Amino acid sequence: WPNCSIPSYSFTKLVKPLKNIGLLGDMSLIPLLRNPPTNVKSFEAFAYNIFSTDPGYSPTSGISVPFGKGIYAKYSNGSRYHDVTGTTTFSKNKILCPVFAFGDNF
C-alpha cells in the first residue's frame, strides 16, 4: 500500500500451501500504516474499493456488526472504536496494522 493489493485468488493460492507447511490455523494479510491519522481515510477508501471490486471478497468484507466500516480497536470491555491514532500501550510509535485479508477459510 498505497495502491497495491494481492487479489483474493492469489492470496488463496499463497495461503493454502503455507498453512499446510506450517500447520497453521489461519493467515492474514496485515499492512502497516505509518503516520496515522494522516493516511487512515485514504487506506480505508482503498480497502473498501478492493472489497467491492474483487469477486473473491464477500460484499460484506471489512464490515463488522455493529461497528460498521473502518479500522477498529477494542476497549478493555470488548466494545469497538474507530482507531485512527495508532496509539498503543506497548510502544511509543504510532502505527496501525489492520487485518486486510483473513485466511481462515482457505
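Residues numbered from 1 in each chain as written. Predicted model: local features only at pLDDT ≥ 70, side-chain atom pairs only at ≥ 80, totals over all residues. Heavy atoms only, no water.

1. With respect to the nonpolar core
Okay, step 1: Membership of the largest hydrophobic core is limited to 12 residues, which are Leu 33, Val 40, Phe 43, Phe 46, Ala 47, Tyr 48, Ile 50, Phe 51, Tyr 57, Ile 71, Leu 96 and Phe 100.
Okay, step 2: When residues in this core are grouped by element, the largest group, 7 residues, is from helix H2 (residues 40-53).
Okay, step 3: Here Tyr 48 is in contact with Ser 61, Gly 62, Ile 63, Lys 69 and Gly 70, once residues within four sequence places are set aside. (Core = buried A, V, L, I, M, F, W, Y, C linked by side-chain atoms within 4.5 Å. Buried < 20%, exposed > 50% of the residue type's maximum accessible area, 1.4 Å probe, protein only. Helix = DSSP H or I, 4+ residues; strand = E, 2+ residues; numbered from the N terminus. Contact = heavy atoms within 4.5 Å.)

2. Focus on H2
Okay, step 1: The terminal C-alpha atoms of H2 lie 20 Å apart, and with 14 residues this matches the ideal 20 Å at 1.5 Å per residue to within 8%.
Okay, step 2: Considered for burial, the residues of H2 that qualify are Val 40, Phe 43, Glu 44, Phe 46, Ala 47, Tyr 48, Ile 50 and Phe 51.
Okay, step 3: Looking at the buried residues of H2, the elements they touch are strand S2 (33-34), strand S3 (63-64), strand S4 (68-69), strand S6 (80-82) and strand S7 (95-96). (Expected span 1.5 Å × (residues − 1).)

3. Some words on helix H1 (residues 8-22)
Okay, step 1: With 15 residues, H1 extends 21 Å between its outermost C-alpha atoms, agreeing within 8% with the 21 Å of an ideal straight helix rising 1.5 Å per residue.
Okay, step 2: Taken together, the buried positions of H1 are Ser 8, Phe 11, Thr 12, Val 15 and Lys 19.
Okay, step 3: Leu 23 lies just past H1 and shows a positive phi near 50°.

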